[in-house]
Amino acid sequence: VGNRNQQVIPSSNNVSPAVGNRNQALTSSSNAVPTIAAVGNRNQQGIPPTNTVFTTVGNRNQQVIPSSNNVSTGHNQQVIPPSNNSSRKTILLVDEVDVLFGQSYYGQTYNQVAQLQDQAVSALLRRIWMERDSKLNFRGVQQWPEYVALISKYSEWRIIIDTEVKAMCSDVLHYNEPPYVFNEKTSKIGYSSHDSIDYEMVYGYRTAFAYLAESESRGDAILNNVLYLRVLTSQFSYANINPFRILGVSGTLNALSNREKDAILKMGVDIYSYIPSVYGSSKFSFDRSGRGIALEKTLESYFLTLGQLIKEKIDEGRAVVVFFESYERLQKFQSSAYGRQIKNKNVLSSSISTEHKNYVIKRAMHVGQVTLATSIFGRGTDFFCKDQKLEQNGGSFIIQTFLSLEKSEEVQIQGRTARQGKKGGYGMILLIPDLVDSFELEPDSLTNIAHADIYDHLDALRQKKYALHLDTMEENLTLANQRDAVSQKYLNVLAQGKVSEAVQCLHDVYAQIPSHGVDSAVDCHFLIDVSGSMSNRVSGGKSQLRVAKDGINHIISNVLDANRGDTFSLMSFSNAHSDLYHMQPVEDKTSLMNVVNSLRADGGTYLFTAFIKKLKQVLSTIEEGSQQFLFVFTDGAAHDDDLFGQLKALIDQIPETGFKCILAGVGLQLGHYRDQLEALAASGKMELIFFESTDQISDAFDVAAEAIVELTSGYIS
């Protein structure tokens, strides 16, 4: 009943969870295998608990456990003092079950880092900071006297030093990502965490370089104890920790996908019961098939509609809270002509002080008040209405200006109104270009959908996209468990005093860490078929060209590295060829992907003409010592195979080293000229791969990604 009327009760005996303001609870039976974070039973190994997961009772040296085999909410609890007894019970407390499947927990690791403070480390960090605007390359850094001094002092730890120096070279270019806050009183740097600023949070070496940036105007006094080498000692998979019991509350169980419910089942939670709200039936309203949702084509019309809806609700005597996906979008609206017209507005963001934040939240539920907030405040913020006039006028009204990838986030945002039996409404105003970018839609794909069906259509697209997110999380979980096993081995042999074996195990821990991509730069060239047949659909509904574009964008986003000095070239071909980019640096990946997304399918397949043009171009621009990668993709028979001889002569000119050329053919339309292509590859200068099914297009681009990784001599983080 409603969004918050769920309670999850385990199959164990006589469990009586408390029901307070939120009418849901979930618990697990004993011996549950969790898929989320817990660190209690690892504390015997000296690992501090993570503050983002647990709320402990009393100080951190106490643990509350039940006085019998039954979990009760009465006064029968006893506080057990710290003990080295391995039988200590661990209880995992969960607030909002959907958070467990967020990017910070499921499939991730809890990382233990030691600090090595040394003048040689400080000198190297300073030098990297000074050289940040140059094209940093690890091989070049190895020649610096600062690096030589550090590696000479710790020569037995070369794998650790080299891995961390590569991380420094990568992080220096992103020292202000994410944006940081400098506290003038404490001279400390902090980052946005949930709805506040955390001054204990560190983002690798980005934080060290942020301090160096601030020191240029504030002096070196702020650099005390912040310039150090990070030594990763262990990575524990959150999914591998096994609490005695799981207790918690949630308002989003109804929004969980079946796969998430399966994961909860593995945790031992297998019985659900629903308790009606003590406040009666919900008075929440959302006209999802009518005026409750609006789609706008331009930013101008998007802001106009938003401003009009705010004014309409204020004129009705309501209070309005608007949730934006980012602070940048909030600022754009606030500074627009429509945002400036709004009176009695406050802004709620993580950068404001706690006192001001509490003031804004308290003021939000008053007649005529407008609150502009970032999405993080849509979860857990208690906008409680005490204004009787506001209740008489229909309660507060929530406007969401983006479509959440996770349905649970939307449920949380909706839950900021109509709380505890009060009235409240909700509406969505969405920008079509945002939907196109976030959910990979064609720009005109929504025009033929009846307005009454828009919400259900978008919800289906969201679920499909989120399923891919869960696939990635499962892949991450496999890697996290592998790292966990190596870390456990290291700590076990260290605890046994086997120093030499522990040294090797620590090397194994570092062998699990991806390279930061500052080794050999690579010039990546793509020659892509955009003939008419590329508009054909594959299983799943995407066009062949859409799958190819996704493959290229994945390589741009996750494989190519600006810090390493990689470049990107793109030529498309059909009846003619279009040279869209040639050896473009990859700093602005969004722009590169926008060009890729602009490709359209039309015309015939004149592969040989374009191949000759592109290969001549690449061969004429090769620099000594450079790494070249040329990837040619086609789905059909060429109309110009009479140029075979010219192409064969050019392929013979490909250098023996530093150049990799792959031609990928997909589909059964390749026809009679497949033998000719195999003849081109006979010299060994070009690799030829065929996939019979067009459903394997993504596999072809996976091959390309792996080839680039091989050329750069490491894995790309």
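Residues numbered from 1 in each chain as written. Predicted model: local features only at pLDDT ≥ 70, side-chain atom pairs only at ≥ 80, totals over all residues. Heavy atoms only, no water.

Moving on: the sheet that holds strand 24 (residues 659-666). Taken in spatial order, the six strands make up an open sheet running 22-21-20-23-24-25, and their pairing is mixed. In the strand order of this sheet, the two ends are held by strand 22 (577-585) and strand 25 (687-691), each with one partner. Averaged over all pairs of adjacent strands, the angle between their axes in this sheet comes to 10°, without regard to strand direction. Sheet topology places strand 20 (residues 523-529) next to strand 21 (residues 567-573); seven bridges connect them, and they run parallel. The residue bridging Leu527 from the neighbouring strand is Met571, located in strand 21. In the packing of helix 16 (residues 544-558) onto the sheet, the strands contacted are strand 20 and strand 21, and the crossing angle to strand 20 comes to about 175°. (Pairing = 2+ DSSP bridges. Helix = DSSP H or I, 4+ residues; strand = E, 2+ residues; numbered from the N terminus. Axes fitted to C-alpha atoms, helices over the stretch in contact; angles between N-to-C directions. Contact = heavy atoms within 4.5 Å.)

In this section: the pairing of strand 23 (residues 628-634). The element strand 23 is extensively covered by neighbouring structure, given that seven of its seven residues are classed as buried. Residue alternation in strand 23 divides its side chains into two sets, Gln628, Leu630, Val632 and Thr634 and Phe629, Phe631 and Phe633, and both sets are buried. Pairing analysis gives six bridges linking strand 20 to strand 23, with the strands arranged parallel. Directly across from Ile528, in strand 23, lies its bridge partner Phe633. Summarising the sheet, strand 23 and strand 24 pair through seven bridges and their orientation is parallel. (Buried < 20%, exposed > 50% of the residue type's maximum accessible area, 1.4 Å probe, protein only.)

As a further point, take helix 1 (residues 119-130). For helix 1, built from twelve residues, the straight-helix expectation of 16 Å at 1.5 Å per residue is met to within 8% by its first-to-last C-alpha distance of 16 Å. Those residues of helix 1 that sit buried are Ala120, Val121, Ser122, Leu124, Leu125, Ile128 and Trp129. The distance from a side-chain oxygen at the start of helix 1 to the backbone nitrogen of Ala120 is 2.7 Å, and the residue carrying that oxygen is Asp118. (Expected span 1.5 Å × (residues − 1). Polar contact = N/O pair within 3.5 Å; in protein donor to acceptor, adjacent residues only side chain to side chain.)

Another point: the nonpolar core. Core analysis: the largest hydrophobic core is formed by 52 residues, its most contacted members being Leu124, Ile128 and Phe209. Discounting residues that sit within four places of it in the chain, Phe209 has contacts with Leu125, Ile128, Trp129, Met168, Asp171, Val172 and Tyr175. The next biggest cluster of nonpolar side chains, apart from the first, holds 40 residues, and it includes Val522, Ile556, Val586 and Phe633. (Core = buried A, V, L, I, M, F, W, Y, C linked by side-chain atoms within 4.5 Å.)

A separate point is helix 7 (residues 299-315). Over its 17 residues, helix 7 runs 24 Å from end to end, which matches the ideal 24 Å to within 8%, given 1.5 Å per residue. Among all positions in helix 7, only Ser301, Tyr302, Phe303, Thr305, Leu306, Gly307, Leu309, Ile310 and Lys313 are buried.

Nothing here speaks to function; it is geometry throughout.
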